[in-house]
Amino acid sequence: MDCLFCKIAAGEIPSNKVYEDEQVLAFYDIAPAAPVHVLFIPKTHLAGVRDVTAENATVVAHIFAVIPQVAAQLGVTDYRIVSNNGADAGQTVQHLHFHLLAGRELGAMG
Ligand code: AMP
Ligand code: ZN
């Protein structure tokens, strides 16, 4: 499959890694929207939140167990987690990912 984040997960395209285990990869966003901007992806391909089911949600639970560990490692206590799903929401990469944004006052969501 021609998927950018599958290629990053496989190491075929380089990334600035923050955390990695068998199921999850976290790496710095190439175009940071905040002083700290990290992406968390499952290594298995899911197109977005729309692909999450009762059967595969364990990887999402795992990502959410990793997020606070990585946040602590990066020294941030206040942060926002965002997952854009679909074009109108601003999703540009069709592989499930969670943005961790921190390091400035983030303001209202829109
Ligand atoms: P979204 O727009 O929610 O689909 O998020 C996709 C994110 O991936 C954007 O914030 C991009 O800046 C980021 N991105 C795109 N290509 C790369 C890359 N090669 N390495 C790291 N982040 C990337
Ligand atoms: Zn993928």
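This one's a predicted model, so the numbers in the text were calculated from it and none came from an experiment.

Engineer: Looking at this structure, how should I read the pattern of salt bridges?
Structural biologist: Side chains that differ in charge, positive against negative, can pair when their charged atoms come close. What the rule picks out here adds up to 3 salt bridges. Notably, a salt bridge pairs Glu20 with Lys17, separated by 3.2 Å at the nearest N-O pair. The partner of Glu20 in a salt bridge is Lys43, with the nearest N and O atoms 2.8 Å apart. Here the residue Glu20 occupies a position in strand 1 (residues 17–20), and Lys43 occupies one in the loop between strand 3 (36–42) and helix 2 (57–74), the gap between them amounting to 23 residues. Using a relative accessible area of 26% as the deciding quantity, one classes Lys43 as partly exposed. Put simply, Lys17, Glu20 and Lys43 are held in one network by salt bridges that share partners.

Engineer: Would you mind showing me how to read the coordination of the zinc ion (ligand 2) here?
Structural biologist: As a benchmark, a tetrahedral metal site with four donors has ideal angles of 109.5 degrees, while an octahedral site with six donors has ideal angles of 90 or 180 degrees. Here the zinc ion (ligand 2) is held by Cys3 (SG), Cys6 (SG), His45 (ND1) and His95 (ND1), and the distances to it run 2.0 to 2.3 Å. Here the donor residues of the zinc ion (ligand 2) share one chain and are spaced in sequence as C-x2-C-x38-H-x49-H. Here the residue Cys6 occupies a position in helix 1 (residues 4–9), and His45 occupies one in the loop between strand 3 and helix 2, the gap between them amounting to 39 residues. The class of His45 is partly exposed, set by a relative accessible area of 26%.

Engineer: Looking at this structure, I do not really get the sheet that holds strand 2 (residues 24–28). What am I missing?
Structural biologist: Picture the strands of a sheet paired through backbone hydrogen bonds; they go either parallel or antiparallel. What the 5 strands build is an open sheet, ordered 1-2-3-5-4; its pairing is antiparallel. Each edge of the open sheet is held by one strand with a lone partner, namely strand 1 and strand 4 (79–82). This sheet shows a mean twist of 20° between the axes of neighbouring strands, independent of strand direction. Pairing of strand 4 with strand 5 (residues 98–102) involves 4 bridges; the strand directions are antiparallel. Within strand 5, the residue paired with Ile81 across the bridge is Leu100. Relative to strand 3, helix 2 is tilted by about 155°, and along the sheet it contacts strand 1, strand 2, strand 3, strand 4 and strand 5.

Engineer: Even after reading the chapter, I still don't get the packing of aromatic side chains, so can you show me in this structure?
Structural biologist: The description of two aromatic rings rests on the distance between their centres and on the angle between their planes. Tallying each qualifying case throughout the model produces 2 aromatic pairs. With centroids separated by 5.4 Å and ring planes inclined at 85°, the aromatic side chains of Phe5 and Phe27 adopt a geometry described as edge-to-face. Separated by 22 residues along the polypeptide, Phe5 in helix 1 and Phe27 in strand 2 bring together distant segments of the chain. By relative accessible area, which is 3% here, Phe27 ends up buried. Arranged with centres 5.1 Å apart and planes meeting at 80°, the rings of Phe64 and Phe98 form a pair that is edge-to-face. Of the two residues, Phe64 is situated in helix 2 and Phe98 in strand 5; the sequence distance between them amounts to 34 residues.

Each value, and the rule that gives it
Residues numbered from 1 in each chain as written. Chains lettered and ligands numbered in written order. Predicted model: local features only at pLDDT ≥ 70, side-chain atom pairs only at ≥ 80, totals over all residues. Heavy atoms only, no water. Salt bridge = Lys/Arg side-chain N within 4 Å of Asp/Glu carboxyl O. Helix = DSSP H or I, 4+ residues; strand = E, 2+ residues; numbered from the N terminus. Buried < 20%, exposed > 50% of the residue type's maximum accessible area, 1.4 Å probe, protein only. Donors = N, O, S within 2.8 Å, 3.2 Å for Na, K, Ca; no water. Pairing = 2+ DSSP bridges. Axes fitted to C-alpha atoms, helices over the stretch in contact; angles between N-to-C directions. Contact = heavy atoms within 4.5 Å. Phe/Tyr/Trp six-rings, centres within 6.5 Å; stacked < 30°, edge-to-face > 60°.

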